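Per-entry structural report
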Protein chains: 2
Amino acid sequence: MRIDLTQGILDDNDEIAARTFERLRQAGVLCVGLLSSPGAGKTTLLEATARAWRDPMRLGVIVGDVATEVDSARLRACRMPAAQINTASHGASCHLSAGPVAEALDAFDLARLDALFIENVGNLICPVAFRLGEHQRAVLLSVTEGPDKPMKYPKAILDTDLAVITKVDLCPHVDVPAAEVEKNVRRVRPHARVLTVSTRGAPGIGPWLGWLDDMLATGGRTK
Amino acid sequence: MRIDLTQGILDDNDEIAARTFERLRQAGVLCVGLLSSPGAGKTTLLEATARAWRDPMRLGVIVGDVATEVDSARLRACRMPAAQINTASHGASCHLSAGPVAEALDAFDLARLDALFIENVGNLICPVAFRLGEHQRAVLLSVTEGPDKPMKYPKAILDTDLAVITKVDLCPHVDVPAAEVEKNVRRVRPHARVLTVSTRGAPGIGPWLGWLDDMLATGGRTK
């Protein structure tokens, strides 16, 4: 007899995630999960999003990290309500799970939110397998990581809805054209939705805000 | 009754790792493990090391990746003998384990090697817990990831022997001084050994080559 424990853990996780997905849908809150390598710019993108939003109090974020409250503190400083989960105290520290995320929802007044972000632990592998209740999942790829990451971490491309190429102001300094990263995303997933952003230069974060507006208008369903 | 499966897996792994450690020690081959986030520059550092070495055929590398042979192909192009392990076909894909590494050793003529590198999967969390038989472990931290990673991934600092701050030529473009990353490494581990390198500008990779020479002279034992 062989017992597949991993599948059991994933089934339990997915059941809680499905409840979170539905709870947020009924509350009219768009839920967007963010995945990336460490330091690809998840928190920086959310800071810029809070600054651009009509009222940052209408955005919320659940932040996962192995240790520290550094990121939630940064986002609260932008007036975005933030809950921190430190995964070192929740079993496997390499990803968020649906259980702690569902508990963290209670920290928010959902009736007052437009959107809730879930910023995962910096890791391009383990978080992909664990649904948290997100309506949409975005993976961030920094140009500083080099152009080959889509092929090396294919599930992070295949199991997310949007690829956001970040820090494109640094392209000339690292000799990595954003177009090459985009081409590699499409090698893994030909019809992937891909955006490029920078919080320090052109094109700014307009493409990302446009995508968010689209998602808010459709309740997180791709048209 | 509660069975702690994780501990059992780690015990089995550590037993194989201890045999690899001893096998390489007896063969007079220094074994250095490299850990980092995706795209922090592990392969680029090894390419530069191969170019600087008296004979790159006397270096070997076992490369771990979820998918692709991109990195081992790059290192073979620098005349460094390389074996690739794709972790997607070895159970947990988020880290190398001692078993496949021990098998990969057979691809090398150990009598002809000065040093064997083990380049782990890009991930600052899971690989830390799995010893592979390395005599020394180095963690690479790119300045492009921001200065806070040592606090967010403390085990990657605590359970390695050396921190290598990479891409320091990019410091002015990302507003992250290498000294700030180094200070944060020391907040986690006050007496940590820390080097800064760049393959595109000052200070080059001299500090890393110096450390390697020290390790070769002492058989991988810290003086």
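Scoring rules and cut-offs
- Sequence positions are assigned chain by chain, starting from 1 and proceeding in written order.
- Each chain gets a letter, beginning with A, and each ligand a number, beginning with 1, in the order they are written.
- It should be noted that, the model being predicted, local features are given only for residues of pLDDT at least 70 and side-chain atom pairs only at 80 or more, the latter also being counted only at that level, while totals for whole chains, interfaces and linings use all residues.
- No hydrogens and no water enter the side-chain calculation; it runs on all heavy atoms of the structure.
- Numbering goes from the N terminus for both helices and strands, where a helix is a DSSP run of H or I of at least four residues and a strand is a run of E of at least two.
- For a compact globule the rule gives 2.2 Å times the number of residues to the power 0.38, and the radius of gyration it is set against comes from C-alpha atoms.
- Only protein chains enter the area calculation, which uses a 1.4 Å probe; residues under 20% of their type maximum are buried, those over 50% are exposed, and those in between are partly exposed.
- For accessible areas, the Shrake-Rupley method is used with a probe of radius 1.4 Å. Any residue's cover is judged against the shown protein chains and nothing else.
- Positive charges come from Lys and Arg alone, negative charges from Asp and Glu alone, with His and the N- and C-terminal ends not counted.
- The location of each charge is read from NZ of Lys, CZ of Arg, CG of Asp or CD of Glu.
- Following DSSP output, two strands are said to pair if at least two bridges run between them.
- Handedness of a crossover is defined as follows: with both strands directed away from the viewer, a clockwise route from the first strand across the helix to the second makes it right-handed.
- To superpose the copies, least squares is applied to the C-alpha atoms of every residue with a pLDDT of at least 70 in both.
- Working rule for contacts: check all heavy atoms of both residues, and any pair within 4.5 Å makes them a contact.
- Every angle, taken between N-to-C directions, lies between 0 and 180 degrees, and every axis is a line fitted to C-alpha atoms, over only the stretch in contact when it is a helix.
- For this classification, under 35 degrees means roughly parallel, over 145 means roughly antiparallel, 65 to 115 means roughly perpendicular, and everything else is oblique.
- Note on residue classes: Ala, Val, Leu, Ile, Met, Phe, Trp, Tyr, Cys and Pro are nonpolar, Asp, Glu, Lys and Arg are charged, and everything else, Gly too, is polar.
- Put plainly, a pocket is an open set of points on a 1 Å grid over the protein atoms alone with protein on both sides within 12 Å along at least five of seven lines, a cavity is a set where a 1.4 Å probe fits but cannot get out, and a lining residue has an atom within 4 Å of a point.
- Grid points are joined across faces, edges and corners, and a volume is the space filled by probe spheres set on the points.
- A simple way to read buried area is as the amount of 1.4 Å-probe accessible surface that goes missing from two parts once joined, with both sides added.
- Think of a salt bridge as a Lys or Arg side-chain nitrogen and an Asp or Glu carboxyl oxygen that are within 4 Å of each other.

A few words on the overall build of chain A. For chain A, the helix and strand inventory stands at nine helices and seven strands. A compact globule built from 223 residues should have a C-alpha radius of gyration of about 17 Å, and chain A, at 17 Å, falls within 12% of that. If one aligns the C-alpha atoms of chain A with their principal axes, the spans along those axes are about 50 × 50 × 35 Å. A total of 223 residues make up chain A; the buried ones form 58% of that total. When the accessible area of chain A is evaluated, it comes to approximately 9200 Å², of which 52% is carbon and sulfur surface. Taking the average place of the 26 positive charges on the side chains of chain A and the average place of its 27 negative ones, the gap between the two points comes to 4 Å.

This part covers the pairing of strand β2 (residues 59–65) of chain B. Residue and element names in this part refer to chain B. Most of β2 sits out of view: seven of its seven residues are buried. Two strands pair when backbone bridges link them, and β2 and strand β4 (residues 115–119) are joined in this way by five bridges, in the parallel orientation. Across the sheet, residue Ile-62 finds its bridge partner in β4, namely Ile-118. Two strands pair when backbone bridges link them, and β2 and strand β3 (residues 82–86) are joined in this way by five bridges, in the parallel orientation. Pairing of Val-63 across the sheet is with Gln-84, part of β3. You can see the chain leave β2, run along helix α3 (residues 70–77) and come back into β3, and the turn it takes is right-handed.

For the match of chain B to chain A, the screw axis carries a shift of 0.0 Å, the RMSD comes to 0.0 Å, and the turn is 180°. Expressed as a symmetry operation, the mapping of one chain copy onto the other fits a two-fold axis. Most of the interface of chain B is mirrored in chain A, where 100% of its interface residues are also at the interface.

The subject of this paragraph is the packing of helix α2 (residues 42–52) of chain B against helix α9 (residues 206–217) of chain B. Residues and elements named next belong to chain B. As a packed pair, α2 and α9 sit with axes 11 Å apart at the nearest point and diverge in direction by 70°. Classified by the angle their axes make, α2 and α9 are roughly perpendicular. In this structure, α2 contributes Leu-45, Thr-49 and Ala-52 to the contact, and α9 contributes Trp-208, Leu-209 and Leu-212. Looking at the contact of α2 with α9 residue by residue, the classes come out as five nonpolar, one polar and no charged.

What follows concerns empty space enclosed by the protein. Applying the stated criterion across every chain yields a total of four cavities of 30 Å³ or more. Considered as a void within the structure, the largest cavity measures approximately 60 Å³ in volume.

Turning our eyes to something else, we now look at the interface of chain B and chain A. In this assembly, 33 residues from chain B lie in contact with 33 residues from chain A. Between chain B and chain A, a total of about 2500 Å² is buried, with carbon and sulfur atoms accounting for 59% of that surface. For chain B, the biggest contributors to the area lost against chain A are Pro-38, Ile-125 and Lys-152 of chain B; these three give 23% of the whole. Summed over the shared surface of chain B and chain A, the number is six salt bridges. With its nearest N and O atoms 2.5 Å apart, the salt bridge here joins Asp-71 of chain A to Lys-152 of chain B. Among the elements of the structure, α3, α5 (149–152) and α7 (171–174) of chain B are those that each provide at least two residues to the side of chain B that touches chain A. Among the residues forming the side of chain B that touches chain A, the class breakdown is 15 nonpolar, eight polar and 10 charged.

Bringing the pattern of salt bridges into the picture now. Scanning the entire structure with this criterion turns up 28 salt bridges over all chains. Linking Lys-152 of chain B and Asp-65 of chain A is a salt bridge whose minimum nitrogen-to-oxygen distance equals 3.4 Å. Placement of Lys-152 of chain B in helix α5 and of Asp-65 of chain A in strand β2 (residues 59–65) is noted, with the two residues assigned to different chains. Of the charged contacts in the structure, one is a salt bridge between Arg-137 of chain B and Glu-134 of chain B, with a shortest N-O distance of 3.8 Å. Residue classification places Arg-137 of chain B among the buried positions, given a relative accessible area of 1%. The class of Glu-134 of chain B is buried, set by a relative accessible area of 3%. Among the charged side chains, a salt-bridge network with shared partners connects Glu-47, Asp-65, Asp-71 and Arg-74 of chain A together with Lys-152 of chain B.

Residue and element names in this part refer to chain A. Pairing is parallel in the open sheet, where seven strands are placed in the order β3-β2-β4-β1-β5-β6-β7. Where the open sheet ends on each side, the last strands, each with one partner, are β3 (82–86) and β7 (194–196). With direction set aside, neighbouring strand axes in the sheet form an average angle of 20°. Two strands pair when backbone bridges link them, and strand β5 (residues 136–142) and strand β6 (residues 162–166) are joined in this way by five bridges, in the parallel orientation. Among the inter-strand pairings, Ala-138 is bridged to a residue of β6, identified as Leu-162.

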